[in-house]
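# Architecture at a glance
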Amino acid sequence: MLITRSYSESEEAPPARGVPWQFSRFWGGLARRVLWLHAAEAGQNAPTLHRNPMRKTLDFLFLLAGRLAALCVLAIAVLMVGQSILREFGVRTGATNDVVAWLCAASAFLAMAHAFKHGDFVRVTLLLERMPARLRQRFEAGCLCVGTAAIGYLAYWATRFAWESYEFNDMASGLLAIPLWIPQTTFVLGSWLFLLAM
């Protein structure tokens, strides 16, 4: 056993001597995330932690975003079937393609936080499986740090991109002319939620 005792979120592990408590708390949370990923990968139940109000709020937001993504996928199916039927009656449905494209992007980004929380992302562990346990934990922590930095970069530029579309009143160039910041909002929300999940 690498860890002899697990600490809940409401019970902080005592920091090591000479280490600031903020530093210890950060790495303690990172270690819990690594253990959770190992449990999810092995098909085991994740370690149970006492859920504080902040965790409950985040879990609710992730679940809500996941359900919105599922509704987007359902809307795509309805629109595609409806488009196929209406074409048989000679009804023009060219604007449907724009809406479907926006819903595809929305379903992808809104579902990322929920998928990451439940360990549903495909992870290539060919190299990690051949590492000793202690070295593997360090690499897992490093991967999480790199992933957090990358998603933070994505969230920042997504927000800036959508804000510029709002400032300049950019309009969609397709058959359905709506302000671009409206569909881009799902891109922004999904990116920030994914960053919080990391």
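About the thresholds
- Residues numbered from 1 in each chain as written.
- Predicted model: local features only at pLDDT ≥ 70, side-chain atom pairs only at ≥ 80, totals over all residues.
- Heavy atoms only, no water.
- Axes fitted to C-alpha atoms, helices over the stretch in contact; angles between N-to-C directions.
- Helix = DSSP H or I, 4+ residues; strand = E, 2+ residues; numbered from the N terminus.
- Parallel < 35°, antiparallel > 145°, perpendicular 65-115°, else oblique.
- Left-handed = near helix turned anticlockwise from the far one by under 90°.
- Contact = heavy atoms within 4.5 Å.
- Nonpolar A, V, L, I, M, F, W, Y, C, P; charged D, E, K, R; others polar.
- Expected span 1.5 Å × (residues − 1).
- Buried < 20%, exposed > 50% of the residue type's maximum accessible area, 1.4 Å probe, protein only.
- Core = buried A, V, L, I, M, F, W, Y, C linked by side-chain atoms within 4.5 Å.

Interhelical geometry of helix α2 (residues 53–88) versus helix α3 (residues 95–110) gives an angle of 155° and a closest axis separation of 8 Å. Overall, the two elements α2 and α3 adopt an arrangement that is roughly antiparallel. As for the relative orientation of α2 and α3, their crossing is left-handed in sense. Across the interface between the two elements, Ala65, Gly66, Leu68, Ala69, Cys72, Val73, Ala75, Ile76, Leu79, Met80 and Gln83 from α2 touch Thr96, Asn97, Val99, Val100, Leu103, Cys104, Ala106, Ser107 and Leu110 from α3. Here the contact of α2 with α3 is composed, by residue class, of 15 nonpolar, five polar and no charged.

Across the chain, the bulk of peptide bonds are trans and the bulk of non-glycine residues have phi less than zero. Residue Asn169 is not a glycine yet carries a positive backbone phi of 55°. By the element assignment, Asn169 lies in the loop between α5 (133–167) and α6 (181–197).

Let's shift gears to α5. Over its 35 residues, α5 extends 51 Å from the first C-alpha to the last, a length consistent with the 51 Å expected when each residue adds 1.5 Å. Arg136, Glu140, Ala141, Leu144, Gly147, Ile151, Ala155, Ala158, Ala162 and Ser165 are the residues of α5 that are buried. Count one or two residues on from α5 and you reach Asn169, which has phi positive near 55°.

Within the largest apolar cluster, 13 residues are counted, with the highest numbers of intra-cluster contacts made by Phe62, Phe116 and Phe194. Sorting the residues of this core by element identifies α2, α4 (112–117), α5 and α6 as the ones contributing at least two each. No other element matches the four residues that α6 contributes to this core. For Phe62, the residues in contact, after removing those within four places along its chain, are Arg55, Ala113, His114, Lys117, Leu193, Leu196 and Ala197. In terms of nonpolar packing, the next biggest core, distinct from the first, is built from seven residues, Ala69, Ile76, Leu103 and Ala106 among them.

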